[in-house]
Protein chains: 4
Amino acid sequence: MWGGRFATGPEQAFDQLNRSLPVDVRLWPQDIRGSKAWVQALKKAKILSAAEESALLHGLDRVSARLQTGTPGTESDEDIHTLIERMLYEEIGELAGKLHTGRSRNDQVATDLRLWCLEAIERVDHEVAQLGKALVTQARATVDIVMPGYTHGQRAQPVRFGFVLLAHAWPLARDRQRLKDTADRTAVLPLGSGALAGSGVMVDREQIREILGFRAISGNALDATGDRDYVAELLFALTMIATHVSRLGAEMVTFSGSEYGFVRLADGYCSGSSLMPQKRNPDVFELARARSARTLGDLVALLTTLKGLPAGYNKDLQEDKSVLFDAVDALLLTLPAVRGAIATLKAVPERMRAALDASMLATDLADGLVGQGLPFREAHGIVGRLVKAAEDQKKPLNEVAEAASRAIHPDLPALIATLGTWEDSIERRATTGGSSRKSVLDQVRALDAEFGG
Amino acid sequence: MWGGRFATGPEQAFDQLNRSLPVDVRLWPQDIRGSKAWVQALKKAKILSAAEESALLHGLDRVSARLQTGTPGTESDEDIHTLIERMLYEEIGELAGKLHTGRSRNDQVATDLRLWCLEAIERVDHEVAQLGKALVTQARATVDIVMPGYTHGQRAQPVRFGFVLLAHAWPLARDRQRLKDTADRTAVLPLGSGALAGSGVMVDREQIREILGFRAISGNALDATGDRDYVAELLFALTMIATHVSRLGAEMVTFSGSEYGFVRLADGYCSGSSLMPQKRNPDVFELARARSARTLGDLVALLTTLKGLPAGYNKDLQEDKSVLFDAVDALLLTLPAVRGAIATLKAVPERMRAALDASMLATDLADGLVGQGLPFREAHGIVGRLVKAAEDQKKPLNEVAEAASRAIHPDLPALIATLGTWEDSIERRATTGGSSRKSVLDQVRALDAEFGG
Amino acid sequence: MWGGRFATGPEQAFDQLNRSLPVDVRLWPQDIRGSKAWVQALKKAKILSAAEESALLHGLDRVSARLQTGTPGTESDEDIHTLIERMLYEEIGELAGKLHTGRSRNDQVATDLRLWCLEAIERVDHEVAQLGKALVTQARATVDIVMPGYTHGQRAQPVRFGFVLLAHAWPLARDRQRLKDTADRTAVLPLGSGALAGSGVMVDREQIREILGFRAISGNALDATGDRDYVAELLFALTMIATHVSRLGAEMVTFSGSEYGFVRLADGYCSGSSLMPQKRNPDVFELARARSARTLGDLVALLTTLKGLPAGYNKDLQEDKSVLFDAVDALLLTLPAVRGAIATLKAVPERMRAALDASMLATDLADGLVGQGLPFREAHGIVGRLVKAAEDQKKPLNEVAEAASRAIHPDLPALIATLGTWEDSIERRATTGGSSRKSVLDQVRALDAEFGG
Amino acid sequence: MWGGRFATGPEQAFDQLNRSLPVDVRLWPQDIRGSKAWVQALKKAKILSAAEESALLHGLDRVSARLQTGTPGTESDEDIHTLIERMLYEEIGELAGKLHTGRSRNDQVATDLRLWCLEAIERVDHEVAQLGKALVTQARATVDIVMPGYTHGQRAQPVRFGFVLLAHAWPLARDRQRLKDTADRTAVLPLGSGALAGSGVMVDREQIREILGFRAISGNALDATGDRDYVAELLFALTMIATHVSRLGAEMVTFSGSEYGFVRLADGYCSGSSLMPQKRNPDVFELARARSARTLGDLVALLTTLKGLPAGYNKDLQEDKSVLFDAVDALLLTLPAVRGAIATLKAVPERMRAALDASMLATDLADGLVGQGLPFREAHGIVGRLVKAAEDQKKPLNEVAEAASRAIHPDLPALIATLGTWEDSIERRATTGGSSRKSVLDQVRALDAEFGG
């Protein structure tokens, strides 16, 4: 492909390092699409006759058909672009040599990769929405199940189980916005940039943009051929998704342990142990918990590659694809499994309710004292002393001897008497976004719309 | 502050670890703003009388005035929130104890941090635009300076110096879009979420949103208090900016070296050597080249912190601020220095022109053969053989003996004769976004608008 | 300092970026030590007379004494090296100008930084050993407390609490080995390398090595001045320590939660909540859990800085110090707090024992069947069916109706009858390194020796 | 394999996520080795008869022979361990069920992975030594080639080309030490740890250690099964190697560009361009420059996975292998290619010499003034003014008009007259580790011994 330039071919060790076909072969559908658009542009630029255009388009279709049934790459094909060009020669002979007119692999691969990213974004976005739906569906079904809410890993205030599930669904809605923004910035056409300085053929880049469905055309050829910002941005968006999945996974590992016992995984989403016959392991949620690590590693790899690189194409950029594919593949494997595990999860309401203890009403008592005119800080201190008394007496907060509580503050006994049920406590925090029944159902509705429920 | 809950105070080693005041003291203006909005909300919710509201607002103003003249924090103040509360007691006495009604440090700090991020985004965005302007101004002035364009660090095709500078300006335009998207997702109000489950006071969150200038209110209190996505997204946006600055810096280090000699830094942006009297070191661009490393490290730190964290507030989140402040500070130090160095840079046209060699016309020759009907691949091979002949003869491409070039292809001698000047070569690649004079000036206009030139 | 080389001084924006004094001021004791050794070397090389040597040494001592009482750096001092040189001029006049003979800031700062790292390693190593001791002391005290051991966050087999604590102590022993290896590779003297190519003064580098207590002298001046491997290796060793602390912290957060209730933090290591009076938050362990994130970020920052840097000194290397100091400081703040929290932790044996459930004897039953000649896989399957029967009957494993267990395998009822106590089960796994009483006490002895207990 | 525990098998989405065979199949030789050692241990522990031992060993050999010819894994095999167990059943029937007695996949996979790491370390170490040798061989051949040495990317002082090459060889010697330390810490046997708490069979772990060639046995079973420190340490060692290769690669990209023209790659290590017939691209060195990015990403992925993981085995650890394999594979692909490129590189002495300019003698002049008793700082200032005069006169430093140089300092003209050749200048910096001929040849000898040259 490099013509008569070199006296000898590449050494084997170099060839094996340099050869990207095993990785970039996945770009073949995008490479075909891009080449067909280029053929049309060459025709409009009068580089190709109508007959040549037609022959090239048909040739590319035949190559595409062959690739659909498996990749006939050999050791001598350096990358997917040269493989497709070789196959095109096999199909239509010397005319194939006209395809690369005015185009460089630099603008070609940038176009292919953007097309691939756009499709990957769509697939990931679909799976994120599906996971979001599964969470919302579970949340609707469990709105009346009451459990402890936690901060610092410690029981804090009573909440609804559905509310906790939705706390993991909202981040996914943000993820979809980020994917959309990323797609917007990805849908910018590099083709027509040549190797670095524009194409020697006056192609109509707007025509190509329209054929390939991009939103805009790139503004500077040197930037366009050396730019991988869109890969970095996609990897970041994926890392955020993976981080959210990781937080959900970790929470579910905790909730499924015997000490909590709040949820039970369906048999189809459990693993056993090779040694311990009794084990029900939440592997799916452990792998989910770990997922953001590899995605973050992929992001670091790309950003470190880009550090200090001159403008324009440098071979270092070849490293972009393996990390991108790794992150997308891993996420597309993880999201459906997590969704299935969430959809089939059984909540265990009696264990959740059993975990509620009276100390979680401390905020209610403090709020009650505030209602009687005390500054919050003072109320907080009073209830703190009640908590300590309860601990010393090894009694629940609301069963501290009346004399003792009255000694701390005269209004306490009466307030304790009005605390009511866990549901009452929850409903007392009725602000928008809170855990009240209405708020949870409002959130379900909002997220249903968000995830196309 | 934790009332009567504990028998003893914190041990010193724990206190030193736990104390965040040295870091979060910078949030004081945001904390005051947030508290004033909260006071107004408590008034509307009838928790405070008009007189109390007024007293609290004035008290907060007096605290603010004191903080403007220096931070009177002592060893016993855990964080900025408790420091301000203590100062408020000093100003207005027991009434200060009403401020924290229905609010938690969890929704308070999330609000403060979002306000801080929004201001940081504005400052960074301004500096990015200023750097963009400096590049565009230099590009306009150097549009007629011709130099080699590079790929793989090797001379590739002739370009205009302004074109290369603009290749570093376009990424900054993308950065500003990303900052804007980040700001949109940051401007979501958490206040009113309480500790995790909503506030016990029925505040009007829309009122608070409007006072503080947020775009929307958060949808789920547990999510809102444990969410640091906006910090991650900002750190990513900063890392992308730093990556672009790193690429620009690396390019300028190369261009300013004696072997290239393409640019000369102003004396005010050079360093010397403690040992070698002749040195003119481009420290500013070396530090720019390194900048994305630390920003990336900050991003990694935050995302690793978030990995596997349960929903809601966990103390791990306290780590968010030191990495965020580090990244913003470093960038706000770097951008003005790089801008100044770019604005005062002198191009050295004669060195750039001297670096152009005839082999860079190879693409033109291949394009010329294509113009006579040859498939590009064949043309590429023919010119490749000419390149090899020139190397063997140790002559420039366009001075290969006519007999020799004719032997390779009969049309070569005539084509060589028509190659023209470097400018002719550049203008032959006239597609949008290319290095032609018109294209560069079009880009200057487009980016002028972008950067508010 | 750069002599008469430049027409104008540095612009402010550049100066602020370039100035490293606020960070590198901490190197002053190392800089003084290195300079004193250099003075002695210059004397031996006959560059200085005995009187000059003596005057310079005394001058450096006086500068040192002044620095001990605070740093008199001004805006015009670029870094610690130039500050000390300026102060030396103030002390001894023009003779100060002889100090820098044959030395460059490149070999000077590399020497200072290695000395600093060696001291940091010692301090960190001491704290790691102290944490190790605290774990071993707790382990010895809790060897007879029985609890569930976990894999996948699920109850697996009964173990001793001391055994679990030791699982967090062994990694610290590895950390100390790594610190030692790092120290060995750090204790290599760069001084005498000049700016890049050796010193113009024939100093005796072995003499300097001996004075400064290094193990060896560097082999190549260009490598020595551009090498920051030792910083990377130290940051990695710190990240591993932080990772171990993070795993210990996460485990303790889990164990201290109400659902487990296995441990109770001393009041002096707990935080409360600003809103919820009942909270006892394990902040110390949450911050420990998060610690490896920032250390990893620091490591990433340094390694990304080094990527693609040419040999020899480049200004990018200035970034090494802020990340190194950050990681060391953070760890030296965390380790004592975690040690204190571990040392004062109270185990809650009754909660641990209550968490043991009969299903954890499943492995014992399978092992029992193997003892009667069954292949393990078959035994595993049999016990698996018993586990399922127990779950279906909602009974503990060892209380499944005899008829039912006999139906699964005739030997099961007899085996169930011999299961014995939890301690019996633990002692049945008696291999070296296991949870048996003897094994745990052997480990305590081994680690006592390791940590200098 | 999980016996009768679950009512239904795994769902497809979960199975695809959970299944590690496609990745861990590479561990089969280690798994066979470990299993054979385990069989011998079970025999000694009297769990197996001599005949059973023999049958199992032969069975494992037959499985090994089959695996050597390709992996017959099916969709139903979860991982390499279960595949081998299934194949063993095919070979020897029910007796296969005795293999897993007293062993868990947790200690099994940890053993396999340590064996794999030890072999990988050996392979990588060999390649590092080979690259070291190639550099040393080139250095010996080019010791008399003189070129500019650089700091800050700027010409600093003259050096020998061999000296620069050795600056890239010394780091590799450090890398080999690190690999050795890593191997020491990796060669610790986990087998016999059971699932978490020791094995129910009293195997002799010292016997297993000896059979498998480990250095020591692990001290705590819970630590041993959840420990991946050795993977992290290996990934770090690989990242350091990759960083060194990255610095070498970047330097060679610079040196091979036309502006420097210091080296010329052999045709067999060059790539061309699909568009520009004249290009000779140093892809091998660009890919080398990028290499540390992915390795660092792999390290980040592992360390982030480990963050906050409880002691003992968690499924998250399954992620260790893909990143480990990726890093080792990438490095084993890169090192031979870089070695070949270095071995076949041609230095271009005339271009190197042409790049030397007289300003690089400035340090010599300053040293000369010091030799006449001036303090270095004063000398530095004097020569700085000479440099400026030379620049203003647009003359080389040593051709400034005598009157002008004398006006700066009366001794300058005489000193200039004695500057001598570039070689003289180099030899004046004669300290150990410098660029003098003797020093370079000493280094060659030392590194020859190091790399087994």
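Everything below is about the structure printed above this text.
Residues numbered from 1 in each chain as written. Chains lettered and ligands numbered in written order. Predicted model: local features only at pLDDT ≥ 70, side-chain atom pairs only at ≥ 80, totals over all residues. Heavy atoms only, no water.

> Describe the relation of the copies chain C and chain B, naming the residues involved and giving the relevant values.
The operation linking the two copies of the chain is a rotation about an axis combined with a translation along the axis. Between chain C and chain B, which share one sequence, the superposing operator has a rotation angle of 180° and an axial displacement of 0.0 Å; the RMSD is 0.0 Å. One copy is carried onto the other by what is essentially a two-fold rotation axis. Relative to the rotation axis, the closest C-alpha in chain C is found at C:G297, a distance of 1.9 Å. Taken together, the interface assignments show that 100% of the residues at the interface of chain C recur at the interface of chain B, consistent with an identical surface on both copies. (Least-squares fit on C-alpha atoms with pLDDT ≥ 70 in both. Contact = heavy atoms within 4.5 Å.)

> Requested: an account of the side chain of A:Q154, with residues and values cited.
If you trace the backbone, A:Q154 turns up in strand β2 (residues 154–160). In this view, A:Q154 contacts A:G149, C:S256, C:G257, C:S258, C:K279, C:R280, C:N281 and C:P282; residues no more than four positions away in its chain are not counted. (Helix = DSSP H or I, 4+ residues; strand = E, 2+ residues; numbered from the N terminus.)

> Which residues make up unusual backbone geometry, and what values go with them?
In this model, C:K394 sits at a positive phi of 50°, which is unusual for a non-glycine residue. Locating C:K394 in the fold gives a position in the loop between α15 (376–392) and α16 (402–408). Residue C:K394 is classed as exposed on the basis of its relative accessible area, which comes to 77%. Positive phi is not limited to glycine here, since D:K46 has a value of about 65°. When you line up the elements, D:K46 lands in the loop between α3 (28–44) and α4 (50–68). The exposure class of D:K46 is exposed, given its relative accessible area of 74%. (Buried < 20%, exposed > 50% of the residue type's maximum accessible area, 1.4 Å probe, protein only.)

> Mind laying out the side chain of C:D298, listing which residues take part and the relevant values?
Residue and element names in this part refer to chain C. Along the chain, the position of D298 falls in helix α11 (residues 283–306). The buried charged residue D298 lacks any salt bridge partner; its closest oppositely charged side chain belongs to R294, at an N-O distance of 5.1 Å. Beyond its immediate sequence surroundings of up to four residues, D298 is in contact with L235, V323, D326 and A327. (Lys, Arg positive; Asp, Glu negative; His and termini not counted. Salt bridge = Lys/Arg side-chain N within 4 Å of Asp/Glu carboxyl O.)

> Got a sec to walk through the pattern of salt bridges? Specific residues and values, please.
Counted according to the given criterion, the structure contains 196 salt bridges over all chains. The closest approach of N and O atoms between A:R280 and A:D267, which form a salt bridge, is 3.1 Å. Pair noted here: A:R280 is in the loop between β5 (263–264) and α11 (283–306) and A:D267 is in the loop between β5 and α11, with a separation of 13 residues, a long-range link. Like A:R280, the residue A:D267 is buried in the burial classification. In this structure, a network of salt bridges that share partners links the residues A:R114, A:R185, A:D223, A:D227, A:D229, A:E233, B:R174, B:D175, B:R178 and B:D181.

> Explain helix α4 (residues 50–68) of chain C residue by residue, including any values.
Residues and elements named next belong to chain C. The terminal C-alpha atoms of α4, which comprises 19 residues, lie 27 Å apart, in line with the 27 Å expected from a rise of 1.5 Å per residue. Restricting attention to buried positions, one finds in α4 the residues E52, E53, L56, L57, G59, L60, V63, S64 and L67. Along α4, the residues classed as buried sweep out an arc of 160° about the axis, all on the same side. Turned more than 90 degrees away from the buried face of α4 sit A51 and Q68, all of them exposed. Lining the buried residues of α4 we find α3 (28–44) and α5 (80–92). G70, located one to two residues past α4, shows a positive phi value of around 125°. (Expected span 1.5 Å × (residues − 1). Arc of directions from axis to C-beta.)

> I'd like a rundown of the pairing of strand β1 (residues 146–151) of chain B, residues and numbers included.
All names here are of chain B. Most of β1 is tucked away, with six of its six residues classed as buried. Judged from the six bridges that link them, β1 and strand β2 (residues 154–160) form a sheet pairing that is antiparallel. Counterpart to M147 in the pairing with β2 is V159. Two successive antiparallel strands, β1 and β2, enclose a turn made up of two residues, where H152 displays a positive phi of approximately 55°. (Pairing = 2+ DSSP bridges.)

> Please set out the interface of chain A and chain B residue by residue, giving values where relevant.
Where interface size is given, it is often the accessible area lost as the parts come together that is meant. With 107 residues of chain A in contact, the opposing surface of chain B contributes 107 residues. Between chain A and chain B the total buried area reaches about 8,600 Å² when both faces are included, carbon and sulfur atoms providing 58% of it. Its largest share of buried area at the contact with chain B, chain A owes to A:R185, A:R247 and A:R377, together 9% of the area lost on that side. Summed over the shared surface of chain A and chain B, the result is 46 residue pairs in polar contact (both at pLDDT 80 or more). (Buried area = accessible area lost by both parts, 1.4 Å probe. Polar contact = N/O pair within 3.5 Å; in protein donor to acceptor, adjacent residues only side chain to side chain.)

> Give me the interface of chain C and chain B: which residues, what numbers.
Tallying the contact residues gives 61 residues for chain C and 61 residues for chain B. Across the chain C to chain B interface the summed buried area is about 5,300 Å²; carbon plus sulfur atoms make up 62%. Looking at the side of chain C facing chain B, the largest losses of area belong to C:L17, C:S274 and C:L287, adding up to 13% of the total buried there. Joining chain C to chain B, the criterion identifies 16 residue pairs in polar contact (both at pLDDT 80 or more). Those elements giving two or more residues to the side of chain C that touches chain B turn out to be α1 (12–18), α11 and α12 (320–343) of chain C. A per-element tally of the side of chain C that touches chain B places α11(C) first, with 15 residues. Split by residue class, the side of chain C that touches chain B holds 27 nonpolar, 19 polar and 15 charged. (Nonpolar A, V, L, I, M, F, W, Y, C, P; charged D, E, K, R; others polar.)

> Explain the packing of aromatic side chains to me, and be specific about the residues and the numbers.
By the definition in use, this model includes 28 aromatic pairs over all chains. When the ring of A:F14 is compared with that of D:Y269, the centres are 6.0 Å apart and the planes differ by 45°; the resulting orientation is tilted. With A:F14 in helix α1 (residues 12–18) and D:Y269 in the loop between β5 (263–264) and α11 (283–306), this residue pair bridges two chains. Residue class for D:Y269 comes out buried when judged on its relative accessible area of 7%. With centroids separated by 4.4 Å and ring planes inclined at 0°, the aromatic side chains of C:F236 and D:F236 adopt a geometry described as stacked. Here C:F236, found in helix α10 (residues 229–256), pairs with D:F236, found in helix α10 (residues 229–256), and the two come from separate chains. With a relative accessible area of 2%, C:F236 lands in the buried category. (Phe/Tyr/Trp six-rings, centres within 6.5 Å; stacked < 30°, edge-to-face > 60°.)

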